[in-house]
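A closer look at the structure
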Amino acid sequence: MSLRSKRLTITAIIIGSIIISIPCLFFYGEAEVPLEYNNRTITGYNCGAVPNVNRNLLLGYSVTLLLTSLCGIFALISLYSVILRIIYKKESVRKKNNYGQNVNVKQGLGNTNNPDGSTYTDAESCSTNLDSTTTSNHQQTNEGEPTIKENKSTVPAEIRTRRKSKTVQILCRIMHKHRFFIMFFLIAILSCISYLPRFALMIAGSVISNFWDELTDVEYFIALCFYRGYLLNTAVNPVIYLVFDTDFRSSCKQLCCRN
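Definitions and cut-offs
- Residues numbered from 1 in each chain as written.
- Predicted model: local features only at pLDDT ≥ 70, side-chain atom pairs only at ≥ 80, totals over all residues.
- Heavy atoms only, no water.
- UniProt positions renumbered as here; feature names shortened; annotations may be inferred.
- Phe/Tyr/Trp six-rings, centres within 6.5 Å; stacked < 30°, edge-to-face > 60°.
- Helix = DSSP H or I, 4+ residues; strand = E, 2+ residues; numbered from the N terminus.
- Buried < 20%, exposed > 50% of the residue type's maximum accessible area, 1.4 Å probe, protein only.
- Lys NZ or Arg CZ within 6 Å of the ring centre and 35° of its normal.
- Axes fitted to C-alpha atoms, helices over the stretch in contact; angles between N-to-C directions.
- Parallel < 35°, antiparallel > 145°, perpendicular 65-115°, else oblique.
- Contact = heavy atoms within 4.5 Å.
- Nonpolar A, V, L, I, M, F, W, Y, C, P; charged D, E, K, R; others polar.
- Pairing = 2+ DSSP bridges.
- Polar contact = N/O pair within 3.5 Å; in protein donor to acceptor, adjacent residues only side chain to side chain.
- Core = buried A, V, L, I, M, F, W, Y, C linked by side-chain atoms within 4.5 Å.
- Patch = residues over 30% accessible without salt bridge, like charges linked within 9 Å, V, L, I, M, F, W, Y side chains within 5 Å.
- Areas by Shrake-Rupley, 256 points an atom, 1.4 Å probe, with all protein chains shown as cover.
- Salt bridge = Lys/Arg side-chain N within 4 Å of Asp/Glu carboxyl O.

Looking at an unreviewed UniProt entry, the protein carries the name G-protein coupled receptors family 1 profile domain-containing protein, with the source organism given as Mytilus edulis. Of the comments in the UniProt record for the protein, the one headed Subcellular location (unreviewed entry) reads "Cell membrane".

1. What to know about the packing of aromatic side chains
According to the stated counting rule, one finds 5 aromatic pairs in the structure shown. The interplanar angle of 20 degrees and the centroid separation of 6.3 Å between the aromatic rings of Phe-181 and Phe-185 together place this pair among those described as stacked. With a gap of 4 residues between them, Phe-181 and Phe-185 both fall in helix 7 (residues 179–207), about one helical turn apart. In this structure Phe-181 comes out as partly exposed when scored by relative accessible area, which is 44%. Relative to Phe-199, the ring of Tyr-195 lies with its centre 6.5 Å away and its plane at 15 degrees, an arrangement referred to as stacked. Pair noted here: Tyr-195 and Phe-199 are both in helix 7, with a separation of 4 residues, about one helical turn. By relative accessible area, which is 25% here, Tyr-195 ends up partly exposed. In this structure, Arg-198 is placed above the aromatic ring of Tyr-227, and the distance from its NZ or CZ to the ring centre is 4.4 Å.

2. Some words on the packing of helix 7 against helix 9 (residues 230–244)
Contact pair helix 7 / helix 9: the axes reach a minimum separation of 9 Å and the direction vectors enclose 175 degrees. As the angle between them shows, helix 7 and helix 9 are arranged roughly antiparallel. Facing Arg-179, Ile-182, Met-183, Leu-186, Ile-187, Leu-190, Ser-191, Ser-194, Tyr-195 and Arg-198 of helix 7, the residues of helix 9 in contact are Tyr-230, Leu-232, Asn-233, Val-236, Asn-237, Ile-240, Tyr-241 and Phe-244. Among the residues forming the contact of helix 7 with helix 9, the class breakdown is 12 nonpolar, 4 polar and 2 charged.

3. Some details on the UniProt feature "transmembrane region" (unreviewed entry) in the protein
The sites that carry the UniProt feature "transmembrane region" (unreviewed entry) are, in the present numbering, residues 7–28, 61–88, 180–208 and 220–244. In residues 61–88, the share of helix is 100% and the share of strand is 0%. The end C-alpha atoms are 41 Å apart. Taken end to end, residues 180–208 is 97% helix and 0% strand, and its first and last C-alpha atoms sit 42 Å apart.

4. What about unusual backbone geometry?
Excluding glycine, most residues fall at negative phi; most peptide bonds, likewise, are trans. Phi angles above zero are rare outside glycine, and Asn-39 is one such case at about 60 degrees. Here Asn-39 lies in the loop between strand 1 (28–37) and strand 2 (40–49). With relative accessibility at 83%, the residue Asn-39 sits in the exposed group.

5. A closer look at the pairing of strand 2
In this structure, strand 1 lies alongside strand 2, joined through 10 bridges in antiparallel fashion. Opposite Pro-34, over in strand 2, you have Thr-43 as the bridge partner.

6. Description of the packing of helix 9 against helix 10 (residues 246–256)
The N-to-C vectors of helix 9 and helix 10 enclose an angle of 105 degrees; their axes lie 6 Å apart at closest approach. Looking at the two axes, helix 9 sits roughly perpendicular to helix 10. Across the interface between the two elements, Pro-238, Tyr-241, Leu-242, Val-243 and Phe-244 of helix 9 pack against Thr-246, Phe-248, Arg-249 and Cys-252 of helix 10. For the contact of helix 9 with helix 10, the per-class residue count stands at 7 nonpolar, 1 polar and 1 charged.

7. Digging into the side chain of Ser-206
Tracing the chain through its elements places Ser-206 in helix 7. A polar contact is formed between the side chain of Ser-206 and the side chain of Ser-62, at a distance of 3.1 Å. Once residues lying within four places of it in the same chain are set aside, the contact partners of Ser-206 are Arg-55, Leu-58, Leu-59 and Ser-62.

8. Things to note about the nonpolar core
Judged by nonpolar contacts, the single largest core of 13 residues is most densely connected at Phe-27, Tyr-28 and Met-202. In contact with Met-202, not counting residues within four places along its chain, are Tyr-28, Ser-62, Leu-65 and Tyr-227. By size, the runner-up hydrophobic cluster in this structure holds 8 residues, among which are Tyr-80, Leu-84, Leu-190 and Ile-240.

9. Points about the environment of Pro-51
You can see Pro-51 is positioned in the loop between strand 2 and helix 3 (55–108). Placed 24 residues apart in sequence, Pro-51 and Phe-27 show a C-alpha to C-alpha distance of 9.1 Å.

10. Concerning a nonpolar patch on the surface
Taken together, the side chains of Ile-10, Ile-14, Ile-18, Ile-22, Leu-25 and Phe-26 make up a nonpolar region of the molecular surface, amounting to roughly 650 Å² of accessible area. Contributing elements (two or more residues each) for the nonpolar patch: helix 1 (3–21) and helix 2 (24–27). Here Ile-22 is to be found in the loop between helix 1 and helix 2. The exposure class of Ile-22 is partly exposed, given its relative accessible area of 40%.

Shown next, in the form of structure tokens:
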């Protein structure tokens, strides 16, 4: 996208967000909630649907928000699918190029002539050199030279048993290879969990006038957590990018650190 296209897109998003949010000024506000406590009436205020609002309009607005949210989630999944396809396509091309380079290097390895006229490959030459080096080391040991101690592991057995098993290594390898897919999948799932329950509660409140009043304290607390759950999406998204995207992590380090 060109810079002009980016600016137009951002402007359109801002205008569309303002338009779709304007009805909230008329449908929602402070509602008085009378509470009885010790034979006393306490007047509380709840931020929600206005009591005298037209329920049909409120229901239509809630359904519109739900459809808008579903369109946003569908667009998110579609765009991330395109990004994943491009990433895996480039990854496959890179692997093919690396494989071709390795094949060319192996084909370019020439045969080396022995003094007796026989030939051997570079790998055989390396093996022969290692064997001769090992033989000379044994001779030096027999002649009284100081021996070289073998590199034995000094790690206790208890610690060695705690090392990563093959299963954990395979899982780590899979997570590293498919980290972008996991990241996009978590973001899409988080969007569904954050927004869909909220709009479902909005529709229920639009259809049932005293929906919130009939809930028990525990039900009210749980419903309110889902109703405010969209805030979780904004807070957790940067953390997901920070964990899975190395470029985003490097950019954050550059912003927070001078060097």
